[in-house]
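Now for the letters of each chain:
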Amino acid sequence: MDDNVRIDKWLWSVRIYKTRNQATIACRSGKIRIGGNIVKPSFVVKPGEIIEINIPPLKKLIRVLALLDKRVSAKLVENFVSDVTPPEEYQRIRQMHEMNFERRERGTGRPTKKERRDIDGLKGEALPGNRIFMQ
């Protein structure tokens, strides 16, 4: 273990991002913050810091428990990172998912073209050329 670990390397090694390049891009685009400040990919991480990761629509907060520079298995990640995201954030995501979820009775098949247009109209996704929903 090294005492100086870059944040992009640490995010990759604890499996927040699938590749180190994705972690670097997230840092450069301002999706990673520490103490409210946007950090560069070369920022050195210290144990105890809380990192805010913006993965739309979720704002995830994680605490650095220990440093590492090599990628570890998913089972070992819990030794290096702690999720401190408020439960309200996860509840908000669940509510968004439930609101966008459409339920059809089993066996009714796919919606007809008219039913689909009605559904789109209810969701506010009417197409511009659709006469039924033009005002």
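Everything that follows concerns the structure shown earlier in this document.
Residues numbered from 1 in each chain as written. Predicted model: local features only at pLDDT ≥ 70, side-chain atom pairs only at ≥ 80, totals over all residues. Heavy atoms only, no water.

1. Observations regarding the pattern of salt bridges
Consideration 1: Under the definition given, this model contains six salt bridges.
Consideration 2: Note that R6 and D8 form a salt bridge whose closest N and O atoms lie 3.1 Å from each other.
Consideration 3: Given the relative accessible area of 34%, R6 is considered partly exposed.
Consideration 4: Across the pair R20 and D8 runs a salt bridge whose closest N-O atoms are separated by 3.7 Å. Within this pair, whereas R20 is found in helix 2 (residues 20-28), its partner D8 is found in helix 1 (residues 7-13), the two being separated by twelve residues in sequence.
Consideration 5: Residue D8 is classed as buried on the basis of its relative accessible area, which comes to 1%. (Salt bridge = Lys/Arg side-chain N within 4 Å of Asp/Glu carboxyl O. Buried < 20%, exposed > 50% of the residue type's maximum accessible area, 1.4 Å probe, protein only. Helix = DSSP H or I, 4+ residues; strand = E, 2+ residues; numbered from the N terminus.)

2. Quick word on the sheet that holds strand 3 (residues 37-38)
Consideration 1: In spatial order, the strands read 3-2-5-6-7; together these five strands make up an open sheet with antiparallel pairing. A strand with exactly one partner marks an edge of an open sheet, and here the two such strands are strand 3 and strand 7 (81-83). (Pairing = 2+ DSSP bridges.)

3. As for the side chain of T24
Consideration 1: With respect to the element layout, T24 can be found in helix 2.
Consideration 2: Residue classification places T24 among the buried residues on the basis of a relative accessible area of 10%.
Consideration 3: Apart from residues lying up to four places away in sequence, T24 is in contact with D8 and P41. (Contact = heavy atoms within 4.5 Å.)

4. Some remarks on the nonpolar core
Consideration 1: I7, W10, L11, I32 and I51 are the most contacted members of the largest nonpolar core, which has 23 residues in total.
Consideration 2: Every element with two or more residues in this core is listed here: helix 1, helix 2, strand 2 (32-34), strand 5 (50-55) and strand 6 (58-64).
Consideration 3: Those residues in contact with I7 that lie beyond four places of it in its chain are C27, I32, I34, V39, K40, P41, F43, V45 and I51. (Core = buried A, V, L, I, M, F, W, Y, C linked by side-chain atoms within 4.5 Å.)

5. A closer look at the environment of L65
Consideration 1: Along the chain, the position of L65 falls in the loop between strand 6 and strand 7.
Consideration 2: Here L65 falls in the partly exposed class, since its relative accessible area comes to 40%.
Consideration 3: Along the primary structure L65 and G48 are separated by 17 residues, whereas in three dimensions their C-alpha atoms are 5.9 Å apart.
Consideration 4: Leaving out residues up to four positions away in the same chain, L65 has contacts with P47, E78, N79, F80, V81 and S82.

6. Concerning the environment of K46
Consideration 1: For K46, the position within the fold is in the loop between strand 4 (44-45) and strand 5.
Consideration 2: Look at K46 and you get partly exposed, because its relative accessible area is 47%.
Consideration 3: Sequence separation of K46 and D3 is 43 residues, and the distance between their C-alpha atoms is 8.3 Å.
Consideration 4: Excluding its chain neighbours within four sequence positions, the residues that come into contact with K46 are V64 and L67.

7. Observations concerning unusual backbone geometry
Consideration 1: Between P56 and P57 the backbone carries a cis peptide bond, its omega angle lying at 5 degrees.
Consideration 2: Position of P57 among the secondary structure elements: in the loop between strand 5 and strand 6.
Consideration 3: Phi is positive for R15, close to 65 degrees, though the residue is something other than glycine.
Consideration 4: Among the secondary structure elements, R15 is positioned in the loop between helix 1 and helix 2.

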